[in-house]
Amino acid sequence: MSFAVGLQVLLFVILALITGAIVRHGLKGTQIPYTVALLMLGIGFGLLHRADLFTDNLSVIGSSLSLISEIDAHLFLFLFLPTLIFESAFAMEVHLFRRMFTQIATLAVPGLMLAIWLTAELINVLVPSHWGWTWAICLMFGALISATDPVAVVALLKEVSSRKRLETLIEGESLLNDGTAIVFFSLFYAWVIASASSGSAATLAPPWEVVLQFLIVVLVGLVIGLIMGWLCVLWIDRVFNDPMIEISLTIAAAYSVFFIAETFHVSGVVAVVTLAIIFASVGRTRISPEVADFLHHFWEMMAYMANTIIFLLVGILVAIRVPLNDLDAWQALFLLYLGILIIRAFSITVFMPVLKRIGIGINFQKSAVLCWGGLRGAVSLALALTVAASDVLPKELGDRVLFLTAGIVVLTIVINGGTMGALLKLLGLNSLPPAKQATVDKAKNKVNLALHDLLPDMMSNEFLKGADWTSVKQSAQIKALNEVEDSSEVSQEELDTAYKRRLLETERKHYWTQFEQGVLGKQATNRLVEAVERALDGEPKIEDREKLFSVWQLPAWLEPFRAYSWSNKLLLKLYFSKLALGYDIARGFIQAQETLESHIDTLAHSPAAAAAVRSAVQANKQLTIERIQDLYTSFPEIIQALQSQSATRLLLNRERAIIKEQLKQAVLDKPEAQRLLDDVEHRMAALQKVSIFNKSREQKLKAEISWLKDLKSQTREKISALTEVSVYETGQVICAENQQINKIGVVSRGSIAEKFKQTENGHINKVHISKGPGETIGVLALLANQNAIEYVSETPVEIMWLPCEKLKALMADDPDLTRVMCKLLANYSS
């Protein structure tokens, strides 16, 4: 039986996925890394094919393996690299990546450059002279072999110890050094090609040109990733709960940004990493909440399939294409393997003094994992295939580069990857840190208590009371109530830190839950999550969230624009939108703090720790409630509009949940349910477009000015037309003492403090008078364009300003207005 080329490729993919499922199932409960097992299996398949064992009825498998072993290097890179890089960067915790970026960049750029140079020096010494490897070839090989691929290490870390910081450091370094390695490989590969084409030794550009070219390649890749990322985020922001569009966009973006960058000969890896980080940070709240989990699971599945195919493919490539009868090459391989281990350790040791002082620091145990976890994988092999497929370079050179690269990939994955579990155990990194484990134990004890409370009802149940409850307890692993894990060997400081971290992580999760339920907006979610991540940095803090509410204030640099009527309207709209955002943040924050209170005693390691955290939570709530109360006092209509919007969102979410439940119970057929769901989502999408500012402005927010009541209606209308509205935050100086001013104001919302000095019997007293809605300020500006009194807002305040020059013109036309203003001036003078 013979198949066309496309069907043979499809057959390989099918067999790879089936093999992967069998291997994954067989490795359950073992410490053998999945990728190591796949690689060895791939080598086995390749050796069987090399021995011509796939014949007769199995010849189609042999043909498929032969076809796959000739895969084009560029296809290999373009097919698998975007998926692996995007998934890895998309799954990272962005705030940790930002915190550790200096460490990651140090390892991925200067660290890798040092490794490339040392590897080139080592190769220059190791390879036999008759191979004829020039310095250019040594540098090219040093670049392609230095890219790390620690997928097996990271998978093992996630499985056994969940050390996020170490995972982020290893994975972040791998992402960036892939890009660095590819850039330097391209430079040195061009040098090698130029030498081979001209028949004489070409020279590399001066160092400053190499550095400049490197920067251009990286920075342009970064810009391409940023542009594509923002375009996709803006597009997805306009899509409401359509997983087909949102997931398709992420796939298209990941592959197109890599393709575009590589087409322009800049770093596709950097472009994809940048794109993924945009999606993982600002894009996370732009993706529909209903789609977010599905999207993450989809990319996990994509990465799983890519890794399954890649490691089988690598094994088959190694076994089929690599020449196995060159003793010099075997000797060079094993010496090279030992050499790159030493080089890896040396390059990390050189930068240890720097790595300890930047980012989150590093200790010996983590540096040991970094050294031993420098596995080589798909990127190195793809670059080696590029060399082997070149028509310009000698075939012997390509074969030897492929042999050494494939050998290093196999040795590092099998030996380093296979023994990583033992190293983690030796270093004490194969389990959670003791303090973190103590919080897990507290949670387990809570679960145990809940099961104990459930047992009496179960034991008295008519259908369960005959059960063997001793064996049930053993099978369910229900412990006696006195079997509580002892955490006395952990210091109080470590327990406090782990306790607060666990609570903060719970708080962060609650914000995402609120967002998914539709009760918290996109911007508010981002702000609240960022505030928690700042609190998690360094020594965790439950209290001191003042910065969270800075969103209620306009930036200081915008203050001068209040003087212009055209810009003041924009500032007013901006301020009301910030008030709406501030209220959304405050409401979500209080809900999270209330949820936090329910976990305080559950996770606390001591009554004192619980009391301290409870006090901090209460302080957070009190501060937030005071701010909301100030806002409610000054702008009740904004609170009402926001609460109405939140209530509508909750009802629509509940309606959608009920429809889905009826669909599950077959009360509704799928087409009927889909029509109802489409209607709900149409209303939810429309709700997102409602402007709080417009609602508040429709109500005009203008208090009645008492001294206008006795004036002609025509004069009142003219005064109303020339009114300019400004809003000020709590504590803001509205008008400083002796400040030039050419307008008088009327408080329409909130209250202000009128501060001035008064002399009595030779003593200077400071006078403080509060003024509220309807009261006038700055009347003396009618006589002189200067204000002798300081005005400071006591709450959020709205003031209607009347320009003096225009008011004087009206006074000239209306004697009644002149008498009113003279009376106001007389009251001020007294």
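Residues numbered from 1 in each chain as written. Predicted model: local features only at pLDDT ≥ 70, side-chain atom pairs only at ≥ 80, totals over all residues. Heavy atoms only, no water.

A look at unusual backbone geometry
Stage number 1. Positive phi outside glycine occurs at His265, with the angle close to 60°.
Stage number 2. Position of His265 relative to the elements: it lies in the loop between α12 (243-263) and α13 (268-280).
Stage number 3. Positive phi outside glycine occurs at Ala666, with the angle close to 65°.
Stage number 4. Within the secondary structure, Ala666 is located in the loop between α26 (636-664) and α27 (670-688). (Helix = DSSP H or I, 4+ residues; strand = E, 2+ residues; numbered from the N terminus.)

Some thoughts on the state of the cysteines
Note: disulfide means a covalent bond formed between the sulfur atoms of two cysteine side chains.
Stage number 1. For the structure on display, the rule yields zero disulfides.
Stage number 2. Note on Cys735: no disulfide assigned, nearest cysteine sulfur contributed by Cys804 at a separation of 11 Å. (Disulfide = S-S within 2.5 Å.)

With respect to a nonpolar patch on the surface
Stage number 1. Where nonpolar side chains cluster on the molecular surface, the patch consists of Val211, Leu215, Leu219, Leu222, Leu226, Trp230 and Leu234 and spans about 600 Å² of accessible area.
Stage number 2. Examined against the element boundaries, Leu219 turns out to sit in helix α11 (residues 207-237). (Patch = residues over 30% accessible without salt bridge, like charges linked within 9 Å, V, L, I, M, F, W, Y side chains within 5 Å. Areas by Shrake-Rupley, 256 points an atom, 1.4 Å probe, with all protein chains shown as cover. Salt bridge = Lys/Arg side-chain N within 4 Å of Asp/Glu carboxyl O.)

Quick look at the confidence of the model for the chain
Stage number 1. Scored by pLDDT, the chain comes out at a mean of 81, with 91% of its residues at no less than 70.
Stage number 2. In the model, residues 694-703 has pLDDT below 50 throughout and makes 22 contacts with residues more than four positions away in sequence or in other chains. (pLDDT = per-residue confidence, 0-100. Contact = heavy atoms within 4.5 Å.)

Brief notes about the sheet that holds strand β4 (residues 743-749)
Stage number 1. Taken in spatial order, the four strands line up as β1-β10-β4-β7 in an open sheet, and their pairing is antiparallel. The sheet is open, and its two borders are formed by β1 (724-728) and β7 (776-777), each paired with just one other strand.
Stage number 2. Pairing geometry for β1 and strand β10 (residues 797-803), over five bridges, is antiparallel. When the bridges of β10 are listed, Val727 appears paired with Glu798. (Pairing = 2+ DSSP bridges.)

Points about the packing of helix α17 (residues 364-372) against helix α19 (residues 395-427)
Stage number 1. The geometry of α17 relative to α19 is characterised by a closest axis approach of 10 Å and an angle of 170° between their N-to-C directions. The pairing of α17 with α19 is recorded here as roughly antiparallel in orientation. Where α17 abuts α19, its residues Phe364, Gln365, Ala368, Val369 and Trp372 lie against Ile415, Asn416, Thr419, Met420, Leu423, Leu424 and Leu427. (Axes fitted to C-alpha atoms, helices over the stretch in contact; angles between N-to-C directions. Parallel < 35°, antiparallel > 145°, perpendicular 65-115°, else oblique.)

Things to note about the pattern of salt bridges
Stage number 1. Taken as a whole, this structure holds 13 salt bridges when the rule is applied.
Stage number 2. The salt bridge partner of Glu93 is Arg508, with a shortest N-O separation of 3.7 Å. Of this pair, Glu93 sits in the loop between α4 (73-91) and α5 (94-99) while Arg508 sits in helix α22 (residues 492-516), placing them 415 residues apart in sequence.
Stage number 3. With a relative accessible area of 21%, Glu93 lands in the partly exposed category.
Stage number 4. On the accessibility criterion, Arg508 (12% relative accessible area) is buried.
Stage number 5. Close ionic contact of Arg819 with Asp816 constitutes a salt bridge, the shortest N to O distance being 1.9 Å. (Buried < 20%, exposed > 50% of the residue type's maximum accessible area, 1.4 Å probe, protein only.)

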